[in-house]
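Structural characterization, general
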Amino acid sequence: MNPQVQSHNNNPQDWSWHFWPALPLYPYGRRRTLCREVVKDAIWTFDQVQGILYTVVPIRMTVIKLNAGGLLIYAPVAPTKECVRLVNELVAQHGEVKYIILPTSSGLEHKIFVGPFARKFPQAQVFVAPYQWSFPFNLPLSWLGFPQNRTQVLPEDPSQAPFADEFDYAVLDINLGRGSFVEVAFFHRRSHTLLVTDAVLSVPAAPPAIVELEPYPLLFHARDNAGQVMEDNPANRRQGWQRIALFAIYFRPSALGLTEWWQMWRDALKAPDHSAKAYFGFFPFRWQENWQQSFTALSANGRPFVAPILQVLILPQAPKKVLNWADTVAQWNFQQIISCHFDSPFIASPEQFRQAFTFLENNSVDSDNQALLVEDLRFIKELEANLLKQGIATPPREKV
């Protein structure tokens, strides 16, 4: 499948997102939206980007046409003028937005957009994942911006949902003490498409289209040192993306070294660009020659996998519950997966989805095609150890 770009707007005023201080991630108050039709006359994805220190990755909303007319929205993104205009183009063809789904309780980067998005479509019913929570105090959803009279928790029995004739869904909830990790997987039967938020990912070798609309972060991370000029070409965009992916997935991959402070200052003085956009010439990163080996193991030709932060810190808290949830999802006859981050849609079978969770099983056998490199997981393992020592995290349960 080659998803086609439907349209995007070149008016910067339509990219403005004035509420960015509530979650101050790059690109802050300027968010572009790219709409792609991924199943003809049935499913569209709306991509934006977000990140820290130019480590930018897609964040994605999915829009599905309902059989009886109208639209279902899974995981809204920032409702900029551009985004709303693109949705309204679909509304004009296929009917109003009927349902807005928040499929997570812990993903602030998804939760924060639901209230503002729902206000743009006042006729839509809002359904949220169970066990919603907020920090430092648990507040009513209406206090968090959710429309009070049309927001409800997804029914525990999926057959009771008003869209049950077209969708199945399964809820994974893990009590983490101070809050819950919740993921709601949706299955659209007609298109054989599975929708997930963070549970599984697929990392493409080439940069996603939305990231290439503003290529500066790609070129920033493609460099090997502060003195290197940011030359815009396909090879540098690809190299920058692959390094960004390693950053985003591992936080500190094994092939990444950091320059000493004195050397970083000296290099900054020689940098060709001292603007604020270029962080005044500071560039502390040093990539080892074998960094692409880490990316190859990560990407593995696009196979679905579970992000290391979930593999190490979250899902081992309830391995049996996770595997039961994965078994339920794997019973659905899907042929592709749309995730809220990185690549989408990507071809995957129920068996491949289930295989991504074998790290929770005692009898699992790691291979180059199934496991992430142990060296690249070291930083997250050290993070886990520190959290355990401080009493913030709890030890993982035994594997099933």
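Here the structure is shown first, and the text comes after it.
1. What about the pattern of salt bridges?
All told, the structure shown has twelve salt bridges when counted by the stated rule. Residue Arg189 pairs with Asp168 through a salt bridge whose shortest N-O separation is 3.1 Å. Residue Arg189 is located in the loop between strand 10 (180-188) and strand 11 (193-195), and its partner Asp168 is located in strand 9 (residues 167-175); the two are separated by 21 residues in the primary sequence. You can call Arg189 partly exposed: its relative accessible area is 29%. Here Asp168 falls in the partly exposed class, since its relative accessible area comes to 22%. Among the salt bridges present, the one from Glu361 reaches Arg354, with a minimum N-O distance of 2.5 Å. Considered together, Glu361 and Arg354 belong to a single accessibility category, that of buried residues.

2. Things to note about the packing of aromatic side chains
All chains considered together, the criterion is met by 32 aromatic pairs. Through pairs of rings, three or more aromatic residues link up here, namely Trp20, Tyr26, Tyr28, Tyr54, Tyr216, Phe220, Phe247, Tyr279, Phe283, Phe285, Trp287 and Trp291. Residue placement shows Arg223 over the ring face of Phe220; its charged tip is 4.6 Å from the ring centre. In this arrangement the basic side chain of Arg243 is found over the ring face of Trp291, its NZ or CZ atom lying 4.8 Å from the centre.

3. Quick word on helix 6 (residues 234-250)
An α-helix turns once every 3.6 residues. As a result, residues three or four positions apart point the same way. With 17 residues, helix 6 extends 24 Å between its outermost C-alpha atoms, agreeing within 8% with the 24 Å of an ideal straight helix rising 1.5 Å per residue. Within helix 6, twelve of the 17 residues are buried, which leaves the element mostly enclosed by the surrounding structure. Restricting attention to buried positions, one finds in helix 6 the residues Asn236, Arg237, Gly240, Trp241, Gln242, Arg243, Ile244, Ala245, Leu246, Phe247, Ile249 and Tyr250. Between the side-chain oxygen at the start of helix 6 and the backbone nitrogen of Ala235 there is a gap of 3.2 Å, and the oxygen is on Asn233. Just downstream of helix 6 lies Phe251, where phi reads positive at about 70 degrees.

4. Points about helix 12 (residues 378-389)
In this model, helix 12 (twelve residues) spans 16 Å end to end at C-alpha, consistent with the 16 Å of a helix rising 1.5 Å per residue. Considered for burial, the residues of helix 12 that qualify are Ile380, Glu384 and Leu387. In an axial view of helix 12, the angular spread of the buried residues amounts to 65 degrees, which keeps them on one side of the axis. Against helix 6 and helix 9 (308-314) lie the buried residues of helix 12.

5. Looking at the sheet that holds strand 9
Note on sheets: strands pair through backbone hydrogen bonds, and any given pair is parallel or antiparallel. Strand order in the open sheet made by the five strands is 9-10-11-14-15, with mixed pairing throughout. In the strand order of this sheet, the two ends are held by strand 9 and strand 15 (346-347), each with one partner. Relative to strand 9, helix 10 (residues 319-330) is tilted by about 170 degrees, and along the sheet it contacts strand 9, strand 10 and strand 11.

6. Observations concerning the packing of helix 6 against helix 8 (residues 291-299)
Where helix 6 contacts helix 8, the two axes come as close as 10 Å, and the packing angle between them is 70 degrees. When the axes of helix 6 and helix 8 are compared, the pair comes out roughly perpendicular. Crossing geometry of helix 6 relative to helix 8 is assigned as left-handed. Only Trp291, Gln292, Ser294, Phe295 and Leu298 of helix 8 make contact with helix 6, whose side of the interface consists of Gln239, Gln242, Arg243, Ala245, Leu246, Ile249 and Tyr250. Classifying every residue of the contact of helix 6 with helix 8 by side-chain character gives seven nonpolar, four polar and one charged.

7. Some thoughts on the pairing of strand 4 (residues 55-65)
For a regular strand, side chains alternate in direction, first toward one face of the sheet and then toward the other. Strand 4 sits mainly inside the fold: ten of its eleven residues count as buried. The sheet contact formed by strand 3 (residues 43-52) and strand 4 spans ten bridges and is antiparallel. Opposite Ile43, over in strand 4, you have Ile64 as the bridge partner. The hairpin turn running from strand 3 into strand 4, its antiparallel successor, is two residues long, and Leu53 in that turn takes a positive phi close to 55 degrees. Pairing analysis gives four bridges linking strand 4 to strand 5 (residues 71-74), with the strands arranged antiparallel. From the neighbouring strand, Lys65 faces strand 5, where its bridge partner is Leu71. Connecting the antiparallel pair strand 4 and strand 5 is a turn made up of five residues, with Gly69 showing a positive phi of about 100 degrees.

8. Side note on the nonpolar core
Counting 36 residues, the largest nonpolar core has Trp287, Leu298 and Phe342 as its most contacted members. Of all the elements in the fold, those that place two or more residues in this core are strand 4, helix 4 (209-212), helix 5 (216-222), helix 6, strand 13 (285-287) and helix 8. If you tally residues by element for this core, the top one is helix 6, at seven residues. Trp287 has contacts with Arg243, Leu246, Phe247, Pro253, Ala255 and Leu256, leaving out every residue within four places of it along the chain. Membership of the second largest hydrophobic core comes to 34 residues, among which are Ala185, Phe187, Ala199 and Ile337.

Calculation criteria
- Residues numbered from 1 in each chain as written.
- Predicted model: local features only at pLDDT ≥ 70, side-chain atom pairs only at ≥ 80, totals over all residues.
- Heavy atoms only, no water.
- Salt bridge = Lys/Arg side-chain N within 4 Å of Asp/Glu carboxyl O.
- Helix = DSSP H or I, 4+ residues; strand = E, 2+ residues; numbered from the N terminus.
- Buried < 20%, exposed > 50% of the residue type's maximum accessible area, 1.4 Å probe, protein only.
- Phe/Tyr/Trp six-rings, centres within 6.5 Å; stacked < 30°, edge-to-face > 60°.
- Lys NZ or Arg CZ within 6 Å of the ring centre and 35° of its normal.
- Expected span 1.5 Å × (residues − 1).
- Polar contact = N/O pair within 3.5 Å; in protein donor to acceptor, adjacent residues only side chain to side chain.
- Arc of directions from axis to C-beta.
- Contact = heavy atoms within 4.5 Å.
- Pairing = 2+ DSSP bridges.
- Axes fitted to C-alpha atoms, helices over the stretch in contact; angles between N-to-C directions.
- Parallel < 35°, antiparallel > 145°, perpendicular 65-115°, else oblique.
- Left-handed = near helix turned anticlockwise from the far one by under 90°.
- Nonpolar A, V, L, I, M, F, W, Y, C, P; charged D, E, K, R; others polar.
- Core = buried A, V, L, I, M, F, W, Y, C linked by side-chain atoms within 4.5 Å.

Such coordinate-based values are descriptive only and should not be taken to indicate function.
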